[in-house]
Amino acid sequence: MNVKVAILSIQLRLNSIKKLSTIALALGVERTRTELLPFLTDTIYDEDEVLLALAEQLGNFTMLVGGPEYVHCLLPPLESLATVEETVVRDKAVESLRKISQEHSPVDLEVHFEPLVKRLASGDWFTSRTSACGLFSVCYPRVSSTVKAEIRQHFRTLCSDDTPMVRRAAASKLGEFAKVLELDYVKSDIISLFTALASDEQDSVRLLAVEACVSIATLLPQEDLETLVMPTLRQAAEDKSWRVRYMVADKFSELQKAVGPEITKNDLVPAFQNLLKDCEAEVRAAAANKVKEFCENLPEDNREQIIMTHILPCVKELVSDTNQHVKSALASVIMGLSTILGKDNTIEHLLPLFLAQLKDECPEVRLNIISNLDCVNEVIGIRQLSQSLLPAIVELAEDAKWRVRLAIIEYMPLLAGQLGVEFFDEKLNTLCMAWLIDHVYAIREAATCNLMKLVEKFGAEWAQNTIVPKVLGMANDPNYLHRMTTLFCINALSEACGQDITTKQMLPVVLKMSNDQVANVRFNVAKSLQKIGPVLDSNALQTEVKPVLEKLATDTDMDVKYFAQEAISVLALA
Amino acid sequence: IMCGPVRDWCFSQVKGAIDDDVAEADIISTVEFNHTGELLATGDKGGRVVIFQQEIENKNLPQFRSEYNVYSTFQSHEPEFDYLKSLEIEEKINKIRWLPQKNAAQFLLSTNDKTIKLWKISERDKRPEGYNLKEEDGRYKDPNTITSLRVPVLIPMDLMVEASPRRVFANAHTYHINSISVNSDDETYLSADDLRINLWHLEITDRSFNIVDIKPANMEELTEVITAAEFHPHQCNTFVYSSSKGTLRLCDMRASALCDKHSKLFEEPEDPSNRSFFSEIISSISDVKFSHNGRYMMTRDYLSVKIWDLNMENRPVETYQVHEYLRSKLCSLYENDCIFDKFECCWNGNDSVVMTGSYNNFFRMFDRGQRRDVTLEASRENSKPMQVLKPRKVCAGGKRKKDEISVDSLDFNKKILHTAWHPQDNIIAVATTNNLYIFQDKVN
């Protein structure tokens, strides 16, 4: 089939599906129920995008079928969409089913909705059984106790389904289902299902049980956690599969909040230590990412002692980890420890670690330290670091890889703010100017933007004294790319610098460049004049800008003529 | 499961062109039954996939249950050109693997040297009728004649089987893909080329994780390549890969993210009496398959089939000679390149019999329990319906008996590289160069 025709036809069908509500309105509620919905129930041959749009539309169709009294008519088409193999479509169908379940009366729930859930749960295809898992929690609260017992039974069956796909769906909905159950059933049913899923032979099922752990722990009273949840959690933290241990590390903060301070002290601290020392780098990196959050959420009374005795030694090891992603993850959070530990501990124990990471061979590690300086600044002031900071910044600024150079430029305004204007002028100004003439255009562009942000921070007067002269000086550079950079800088800085500086210092330079040999420079002059025009007063516009633009409008180069004419029209100088 | 020992095999069907002039594109490059055996897929050098379906009405008639008819044909891969390296990328289908069925449609993965595709095969038996803007014949109506809004209805139509590409997994392999294997978790699969193995998620096409990388820092030090790889049938964390040096490495994905370190290495020490210039070449493993029960692995090297117990690394538990009479002919087989032929092997449904192909359109079966082996031939001469296949014998030297064929008369252009066994029944599919033969056990 001709590709264009196919795409067109999909687009047509997609557009018409999106207008489904219009069609339903035109048909009226009765014909929608008796003709349109049966048709939609059977046409599930379509492309994913069309089915997805259909699933979404049906979730909003209650009024179009005649209100809550008839909402159950929407169930057949959504039921067939819930068996489609494309996950996004199924998920959307389930979402819509959940939505309309709220509009079913308790009677309708039992008569129409729950049978649908039952049918999906005992369906032949894995896809219907996985969809069923997402529907239990929405119908449970409002049905009778006999029906509740049935629902609990179905869920139990799906948790031990033959296919991993279904068990995964059940595991991922375990927490949500537990939330709507009565506490007694949570203890009697959910816990055993949770333990079973957490020891499933498939790694992909066990790691979803870790997520469920957080929800379940939040529901149970403290005294039950030790017997009902902790054994499983301990097992997960030491699972043979690194992916399960990774999940534990990834969810550590949520787990910490869910189990409370006592269990954290006794169980989670040693578990966290083990994760920081795990043999698999992916796990160590995930744990390293959580160091700050974990420490912040420790109970206040012995927080410092726990960190100093148990966490800090592991952190020290990680600074010299063999894997760069681990070090990088640590670098992104380690500075946050200084606010927790206070000034003295920071100076004695943390500062050496910051400095070591500042000298790391991996640029990302160094960048992560530099981007988080504000926490340290609060606690001990940045002077302590500035000695090592400067060489680190310079090295990153001159890195052979342009993306590394780009990253440090992006931190420059932040650093400038933290280090203060004197430090900046003394040490960093030259760097910022050097970037303006970098070989790579992306760097020159970022450097220009950087200057604009600095002017916004330090003010027009500072700009006038320190950077404007240098920028304007580049107008005489033999390299035309640098001369153009002057113009781009002027474009970026004029508003922040204000009318005075723009008229007295920048405008003359721009006007002079209208005689440049290179056409690219000349047409950028036109563009610059258009950009800075609004900042100038009308006198300058008429007496100085207009003549130059008129001259450029008769230039031999086509592009120069074009941009000059455009500037004239935009500035209304004609 | 009808997998009991078979005394006689008989011919059921042959698919493909009859003439001797074989079109290059029609050469069959892979054969695979799906998990129930109801569907049989073949891939060819022209990038096409043909799927045959077992005749449902015949399923309960024992002597006709191996009737397979064409269900769907589609072009899976097209030839491509790698502009960067100035190389053609062949459209030949290297492997097909079926996914377990998750709803009414069927899914399979097919791969050429560089790109893996997920195909959906679905049935359509209804079509809409009663459009508002079109007549039945497709002509557009005059809008002024339309006075009311119709909703189309669905009416039955002849069964149409459609194949549509659902995912394309591209750009992850520098070298030629030799294997794909679906994980028992139903959501991931691996693809292996000469030097690397990648792990994919079936729903994610823009990312794949490298789990094995045997490329040396200096390519001049390259001595060994990956020849095949497969996931364990039940253990989601275990996979095996074979090498050109005759080794098997079992890896555990739980232990670490990068599985360069194997957890078990299976290698048989070389028999010094058989050492020759060709020893290393013929030790190269061309195929590896786990048994259905997951306790054994089978490997195929040039001259033999070996069964390995997962718990014993230092030697195979069984070795079967496929065509030992070729050992003295290795020199000429090297010269005509036949020594590099990659034969595949397969297990029957209850792991009691293994099968592999040979030359002259012969194929061999080894019954592990009964300690019997047989050589059969797939040929047009033996293709009368239900004709029982007569066992064949090759005479290695000395006096040739009647009905035997001498080694020098074997046709080395007629090779059976690809065979498949129905997972639950005694039905086999054997591919000669461009024909697919289907045989079943003799029913009295």
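Here the structure is a predicted model, which means the values were calculated and not measured.

### Observations regarding the pairing of strand E14 (residues 196–201) of chain B
All names here are of chain B.
And then number 1: Taken across its six residues, E14 has five buried, putting it largely inside the fold.
And then number 2: Both strand E13 (residues 188–192) and E14 contribute to a ladder of five bridges, which runs antiparallel. Looking at the pairing, leucine 190 lines up with leucine 199 of E14.
And then number 3: Hairpin geometry of E14 and strand E15 (residues 204–213) is characterised by an intervening segment of two residues between the two adjacent antiparallel strands.

### So, the interface of chain B and chain A
And then number 1: Contacts between the two partners involve 33 residues from chain B and, on the opposite side, 34 residues from chain A.
And then number 2: On the chain B side of the contact with chain A, Lys102, Val151 and Arg254 of chain B bury the most area, a combined 24% of that side's loss.
And then number 3: Counting across the interface, chain B meets chain A through seven salt bridges.
And then number 4: With its nearest N and O atoms 3.1 Å apart, the salt bridge here joins arginine 166 of chain B to aspartate 48 of chain A.
And then number 5: Joining chain B to chain A, the criterion identifies 18 residue pairs in polar contact (both at pLDDT 80 or more).
And then number 6: Where the side of chain B that touches chain A is concerned, the elements lending two or more residues are strand E10 (116–129) and strand E11 (153–169) of chain B.
And then number 7: If you tally residues by element for the side of chain B that touches chain A, the top one is E10 of chain B, at six residues.

### A word on the pairing of strand E2 (residues 28–33) of chain B
And then number 1: Most of E2 of chain B is tucked away, with five of its six residues classed as buried.
And then number 2: In this antiparallel pair of consecutive strands, E2 of chain B and strand E3 (residues 39–44) of chain B, the connection spans five residues, and glycine 37 of chain B shows a positive phi of 85 degrees.

### Thoughts on the pattern of salt bridges
And then number 1: With the rule as written, the count across this model stands at 58 salt bridges over all chains.
And then number 2: What you see here is one network of salt bridges that share partners, running through Asp48 and Glu85 of chain A together with Lys120 and Arg166 of chain B.

### A few points about a nonpolar patch on the surface
And then number 1: There is a patch of nonpolar side chains on the surface, built from Leu61, Phe64 and Met386 of chain B and spanning about 250 Å² of accessible area.
And then number 2: Along the polypeptide, methionine 386 of chain B turns up in the loop between strand E27 (372–377) and strand E28 (393–395).

### Considerations on the nonpolar core
Residue and element names in this part refer to chain A.
And then number 1: By size, the foremost hydrophobic cluster in this structure holds 220 residues, and its most contacted members are Ile216, Trp435 and Leu549.
And then number 2: At 10 residues, helix H12 (residues 203–219) tops the list of elements feeding residues into this core.
And then number 3: The residues contacting tryptophan 435, other than those within four sequence positions of it, are Ala397, Ile408, Ile409, Met412, Ile443, Arg444, Ala447 and Asn450.

### What to know about unusual backbone geometry
All names here are of chain B.
And then number 1: For asparagine 361, which is not a glycine, the phi torsion comes out positive at approximately 60 degrees.
And then number 2: Along the polypeptide, asparagine 361 turns up in the loop between strand E25 (353–357) and strand E26 (362–367).
And then number 3: In this model, methionine 386 sits at a positive phi of 65 degrees, which is unusual for a non-glycine residue.
And then number 4: By relative accessible area, which is 32% here, methionine 386 ends up partly exposed.

### Here we look at the packing of aromatic side chains
And then number 1: As enumerated under the stated definition, the model contains 33 aromatic pairs over all chains in all.
And then number 2: Relative to phenylalanine 343 of chain B, the ring of tyrosine 302 of chain B has its centre 6.3 Å away and its plane inclined at 50 degrees; by these criteria the two rings are tilted. Here tyrosine 302 of chain B is found in the loop between strand E21 (296–300) and strand E22 (304–309), whereas its partner phenylalanine 343 of chain B is found in the loop between helix H2 (330–335) and strand E24 (345–347), with 41 residues between them in sequence.
And then number 3: In this structure an aromatic cluster arises from ring pairing among Phe136, Tyr140, Phe155 and Phe177 of chain A.
And then number 4: The aromatic ring of tyrosine 185 of chain A is capped on one face by arginine 152 of chain A, whose charged end is 3.5 Å from the ring centroid.
And then number 5: If you follow lysine 102 of chain B out to its NZ or CZ, it ends over the ring of phenylalanine 107 of chain B, 5.4 Å from the centre.

### With respect to the environment of serine 352 of chain B
All names here are of chain B.
And then number 1: In this fold, serine 352 is placed in the loop between E24 and E25.
And then number 2: In this structure serine 352 comes out as partly exposed when scored by relative accessible area, which is 22%.
And then number 3: Through-space distance from the C-alpha of serine 352 to that of isoleucine 121 is 32 Å; in sequence the pair is 231 residues apart.
And then number 4: One polar contact links serine 352 to asparagine 350, side chain to side chain, over a distance of 2.7 Å.

### Considering the packing of helix H2 (residues 20–42) of chain A against helix H3 (residues 48–58) of chain A
Residues and elements named next belong to chain A.
And then number 1: Running from amino to carboxyl end, H2 crosses H3 at an angle of 105 degrees, the nearest separation of the two axes being 14 Å. For the element pair H2 / H3, the angle class is roughly perpendicular. Packed against H2, whose contacting residues are Leu20, Ser21, Leu37 and Leu40, the element H3 presents Leu54, Gln57 and Leu58 at the interface.
And then number 2: A per-class count over the contact of H2 with H3 returns five nonpolar, two polar and no charged.

### A word on the side chain of asparagine 491 of chain A
All names here are of chain A.
And then number 1: On the secondary structure map, asparagine 491 appears in helix H31 (residues 480–497).
And then number 2: Judged by relative accessible area, which is 17%, asparagine 491 ranks as buried.
And then number 3: Of the polar contacts made by the side chain of asparagine 491, one reaches the side chain of serine 528; its length is 2.7 Å.
And then number 4: Look past the residues within four positions of asparagine 491 in its chain and what remains in contact with it is Ser528 and Lys531.

Calculation criteria
Residues numbered from 1 in each chain as written. Chains lettered and ligands numbered in written order. Predicted model: local features only at pLDDT ≥ 70, side-chain atom pairs only at ≥ 80, totals over all residues. Heavy atoms only, no water. Buried < 20%, exposed > 50% of the residue type's maximum accessible area, 1.4 Å probe, protein only. Helix = DSSP H or I, 4+ residues; strand = E, 2+ residues; numbered from the N terminus. Pairing = 2+ DSSP bridges. Contact = heavy atoms within 4.5 Å. Buried area = accessible area lost by both parts, 1.4 Å probe. Salt bridge = Lys/Arg side-chain N within 4 Å of Asp/Glu carboxyl O. Polar contact = N/O pair within 3.5 Å; in protein donor to acceptor, adjacent residues only side chain to side chain. Patch = residues over 30% accessible without salt bridge, like charges linked within 9 Å, V, L, I, M, F, W, Y side chains within 5 Å. Areas by Shrake-Rupley, 256 points an atom, 1.4 Å probe, with all protein chains shown as cover. Core = buried A, V, L, I, M, F, W, Y, C linked by side-chain atoms within 4.5 Å. Phe/Tyr/Trp six-rings, centres within 6.5 Å; stacked < 30°, edge-to-face > 60°. Lys NZ or Arg CZ within 6 Å of the ring centre and 35° of its normal. Axes fitted to C-alpha atoms, helices over the stretch in contact; angles between N-to-C directions. Parallel < 35°, antiparallel > 145°, perpendicular 65-115°, else oblique. Nonpolar A, V, L, I, M, F, W, Y, C, P; charged D, E, K, R; others polar.

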